Amino acid sequence: MSDGAQLRVDEGVETSYPESPWLVMKFGGTSVASADNWQRIATLIRGRLRSGLRVVVVHSALAGISNLLEQLLDAAVTGDYQAILDDIEGRHKELANDLGVDGGAELARCFAELAQLAAGIRLVGEASPRVHARVMAAGELAATLLGSEYLQSAGVANSWVDARTVLQSKPARDSTERSRFLAATCDFAPDAELVERFAELHPVILTQGFIARNARGDSVLLGRGGSDTSAAYVAAKLKARRLEIWTDVPGLFSANPRAVPSARLLRSLAYHEAQEIASAGGGVLHPRCIPPLRSYGIPLILGCTSHPQWPGTVVSQAPGEDTAQLKAISSRGGLTLVSMESMQMWQQVGFLAEAFDCFRVHGLSVDLVSTSESNVTVSIDVGASAVDPGTLDLLADDLRRLCRVRIIDDCAAVTLVGRKIRAILHELGPALEVFEEQPVHLVTQAANGLNLTFVVDAEHAHRLVQKLHGLLVGQFNEGRVFGPTWEQLQAPKASPVAAVPPWWAEHKDTLLDIAQREQSAYVYHRDSVLGAVQALRDLKSVDRVFYAMKANSHPEILQLIHGAGANLECVSPGEIRRVLEVLPDIDRRAILFTPNFAPRAEYEWALEQGVWVTLDNLYPLRAWPELFAQQELFIRTDPGQGRGHHEHVRTAGVHSKFGVPLFEMEELGELVTRANARVVGLHAHTGSGILTPGNWRDTGACLLGLAQQFPDVRYLDLGGGLGIPEKPGQKALDMAALDAVLGEMKSAHPDYELWLEPGRFLVAQGGVLVAQVTQLKGKGEVQYLGVSTGMNSLIRPALYGAYHEIVNLSRLGEPATEIVNIVGPNCETGDRLGSDRLLPVSEEGDVILIANTGAYGYVMSSHYNLREPAREFVI
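As a convention, each chain's residues are numbered from 1 in the sequence order in which they are written. Confidence filtering applies because this is a predicted model: local features only for residues at pLDDT of at least 70, side-chain atom pairs given and counted only at 80 or more, and all residues used for totals across whole chains, interfaces and linings. Note: side-chain values were computed over all heavy atoms of the structure, leaving out hydrogens and water.

(A) Representation of the overall build of the protein chain within the structure. Labels follow the DSSP assignment, with helices taken as runs of H or I lasting at least four residues and strands as runs of E lasting at least two, numbered in each case from the N terminus. Looking only at helices and strands, the protein chain features 29 helices and 35 strands. Only the C-alpha atoms count toward the radius of gyration. The rule for a globule is 2.2 Å times the residue count to the power 0.38. Taking 29 Å as the expected radius of gyration for a compact globule of 875 residues, we find that the protein chain reaches 29 Å, a close match to that expectation. Its C-alpha atoms put the protein chain at 85 × 70 × 65 Å along the principal axes. In the protein chain, buried positions account for 55% of the 875 residues. Only heavy atoms matter for contacts: two residues are in contact if any of them lie within 4.5 Å across the pair. Within the protein chain, contacts between residues separated by at least 24 positions form 77% of all contacts whose residues are at least 6 apart in sequence. Only the protein chains shown count as covering a residue, and every accessible area follows the Shrake-Rupley method with a 1.4 Å probe. With the model as given, the accessible surface of the protein chain reaches about 36100 Å², and the carbon-plus-sulfur share is 49%. The centroid of the 78 positive side-chain charges in the protein chain is displaced by 3 Å from the centroid of its 103 negative side-chain charges. The buried label goes to any residue with under 20% of its type's maximum accessible area, the exposed label to any with over 50%, and the partly exposed label to all in between, with areas taken from a 1.4 Å probe on protein chains only. In this tally, Asp and Glu contribute negative charge and Lys and Arg positive charge; neither His nor the terminal groups of the chain are included. Charge coordinates come from a single atom per side chain, which is NZ of Lys, CZ of Arg, CG of Asp or CD of Glu.

(B) Local environment of the sheet that holds strand S14 (residues 375-381). Here 6 strands make up an open sheet; going across it, the order is S13-S14-S12-S15-S17-S16 and the pairing antiparallel. The open sheet has two edge strands, strand S13 (369-371) and strand S16 (440-445), and neither has a second partner. With strand direction ignored, the average angle separating the axes of adjacent strands in the sheet is 30°. Across 7 bridges, strand S15 (residues 404-419) lies against strand S17 (residues 451-457) in antiparallel orientation. Across the sheet, the residue bridging to Thr415 is Thr453, located in S17. Fitted lines through C-alpha atoms give the axes, limited to the stretch in contact for helices. The angle between two N-to-C directions lies from 0 to 180 degrees. Relative to S14, helix H12 (residues 351-361) is tilted by about 20°, and along the sheet it contacts strand S12 (325-341), S13 and S14. Sheet contacts for helix H16 (residues 458-472): S12, S15 and S17; angle to S15, the most-contacted strand, approximately 20°. A pair of strands is considered paired only if DSSP assigns at least 2 bridges between the two.

(C) Examining a nonpolar patch on the surface more closely. Surface patches are drawn from residues lacking salt bridges whose relative accessible area is over 30%; two like charges belong together within 9 Å, two nonpolar side chains (Val, Leu, Ile, Met, Phe, Trp, Tyr) within 5 Å. Salt bridge criterion: a side-chain nitrogen from Lys or Arg within 4 Å of a carboxyl oxygen from Asp or Glu. Together, Leu352, Phe356 and Val369 make up a nonpolar patch on the protein surface, roughly 220 Å² of accessible area in all. Its place among the elements puts Val369 in strand S13.

(D) Up close: helix H6 (residues 129-153). What a helix is expected to span follows from its residue count: subtract one and scale by 1.5 Å. The end-to-end C-alpha distance of H6, which contains 25 residues, comes to 37 Å, matching closely the 36 Å that a straight helix rising 1.5 Å per residue would cover. The buried count for H6 comes to 20 of 25 residues, which makes it a mostly enclosed element.

(E) Seen up close, the pattern of salt bridges. The final tally for this structure, using the stated rule, is 33 salt bridges. The residue Arg91 makes a salt bridge to Asp87 at a minimum N-O spacing of 3.2 Å. Residue Arg91 and its partner Asp87 are located together in helix H4 (residues 82-99), separated by 4 residues, close to a single helical turn. Within the structure, one salt-bridge network assembled from shared partners comprises Arg589, Glu632, Arg678, Asp712 and Arg714.

(F) Here's a closer look at the pairing of strand S32 (residues 818-823). Examined bridge by bridge, strand S30 (residues 782-787) and S32 share 3 bridges and lie parallel to one another. Opposite Tyr784, over in S32, you have Asn821 as the bridge partner. Across 5 bridges, S32 lies against strand S33 (residues 832-839) in antiparallel orientation. Note on S33: the bridge partner recorded for Ile822 is Gly834.

(G) How the structure looks around the packing of aromatic side chains. Between rings of Phe, Tyr and Trp, where Trp is taken as its six-membered ring, a pair exists when centres lie within 6.5 Å; planes separated by under 30 degrees are stacked, by over 60 edge-to-face, and by other angles tilted. The final tally for this structure, using the stated rule, is 20 aromatic pairs. Only lysine NZ and arginine CZ atoms are considered, and such an atom sits over a ring when it is within 6 Å of the ring centre and within 35 degrees of the ring normal. We note Arg589 situated over the ring of Trp612; from NZ or CZ to the ring centre the distance is 3.8 Å. Over the face of the ring belonging to Tyr803 we find Arg837, whose NZ or CZ atom lies 3.9 Å from the ring centre.

So, in structure tokens, the structure goes:
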């Protein structure tokens, strides 16, 4: 929304206070974390002032600071917190420097108080809810001090106000101490005294989100998403003309736009619709901010700070369209289910009252409810409820007096949100087949007809949302309710092409020649692969890199990578044989064999070859101990928590088949001793596509702890999983930060060699799949673009829901105007390479390029339908 467009929004939105001079603007953590955004914020504020409005700015802590403060609370208990404290202060000083301000004495006092609080936690060995609230409040206080000083320097005179003098929490019946301090609610009735007080200040007032005070003057928090709620409270108290919430996306979408690029912006919603979408996990907006606005008819406008010219979402008392319609598909994690079963509950008067009283006593709010003759299952949003550790165990003990109880952790709700859902069940029916292979723990349909919710295991939620949106997106046509897709909004950026064009753009003519000759082909670029190897070789903290060749086993790629200084990690005898064929003179200790559920003969053969051998469960040592006598072994461990973009690539945790779990380590030590073997290396791999350096810090900490049990350990293999940017504009893994994280570990423990074993990181961006357009087809609003190969060459989209950038290489640079589904020729509904992609108008014979396919492309291809997969070429 441009400055002018945002102001004009009042013309079409009914408001209870059209003459009110007050406007509340809330900015999220990402919005206030950069100098560029602060310049935009100042411009937006000036525009509001020119229209005669008085502006109250409510903003969050800087992006990432609240998470660091949570880490500080944990670390302070042990005393190892100074690095986190320095990081928090350093990030604020860095922003202050970018803004050209210093933060002043008030900011210094804020950090001094934070240091005192951390020292106090260390002294007593715990953080009470009261102290927890004071620590977390520091994030908002420090950020707003910087914001106020910057606005002042930019010529926007303002008054800094402590939100704890504006908002006071209400006593909560049957609440716990934790919820009173960390998930408080406040009164929001219009406050004439506050209006009078603010009227005496500058026309711009800056205050904090998330924090308030209780009747005793203690700091309290408003819970997850509390900054939105703070802004709504202030807007209601002032009887504001409207509330504007500015964040990193322009509004509510038909799905999470970060996960589903085809998600459509929702232009306008009634309060109750917005609350349903937010409650279902919309992510942009906290549902608790809606009631204060709805109570007083205050419109809510959502916008994107970094792109104020984009259209946004308007939430108001306008009824909107009254027709039965699906509007959004959302998911919300962090749910715990409590299943209560008893044959005696059928027609038993008062059973539910007694059961629900147990929840009341423990301060737990029930979210979803499903009942039958012998079972009642409810959900609890653990994060939103600020549940004390152990509370669920106490609840279960109380409930067992009434019934059998089962607690189901780590669940997520997948919710279809719209108007009059019951009236369109027949339209939704075919799409619900996506649940056929997933255990559904609970199904509820809202009494108001606004949603249909399925509670599933959390690991399945993301994929289910993607599939449901793909099946139902045809109903989301641009118009009064639905706006452009997230992908369309991003397309017209001022700099749509990266400063350094991808290698395939520079080799366009060569790729077109290959595609015209072959119809379909994988093409690998030597220099890109070498660049990726060098990026890892430049890590000073890493002693050895092992390439996980399952990603791409092309002979020239193996020669290239090994020649650049990397070793090879293999998962089968076939891969080892390929290495020995291509590199006959290779040192056998440059090969790491990591089998999984392999037969005994494979271990025997690998040991004969003299390569490193890894065990990832106890069975080989229990069943064949004689094989491993006098052998030096690697052990693959399971640190207990998997990571990655899809459950099929998460390689740790109870749902993964890989690794020795931590609780079996004592038995492992006994078996190794009995077999007269030695453990010289420990390995862990949590998943793929990871872009946060902290993953390898956590893995390393786990392995270092285990190494104390095995005195012969010399090598710590931190696995792979290094992610690459999959979508335009996505940030790459910060290699310097990774090197710093591993460098700290290396400095503290110099006796160990640190290894990495990436696969996709080295070859994915160096490979593309090119294919010719064969046919075009339309089914109503859904457009299909067929290409000469499909899941027989590239199965990742069908298997993982993987995203690959897709371009029309023949028309590179032409305007993208059509949304199409790119499909292959295989007789399978899942033969889809990309859904709802924005491409130029395409014709038969055009060449489509699918990027980042150098890993897990050809190696996973098949002859399904007896179609030949795309051949491989290296340029």
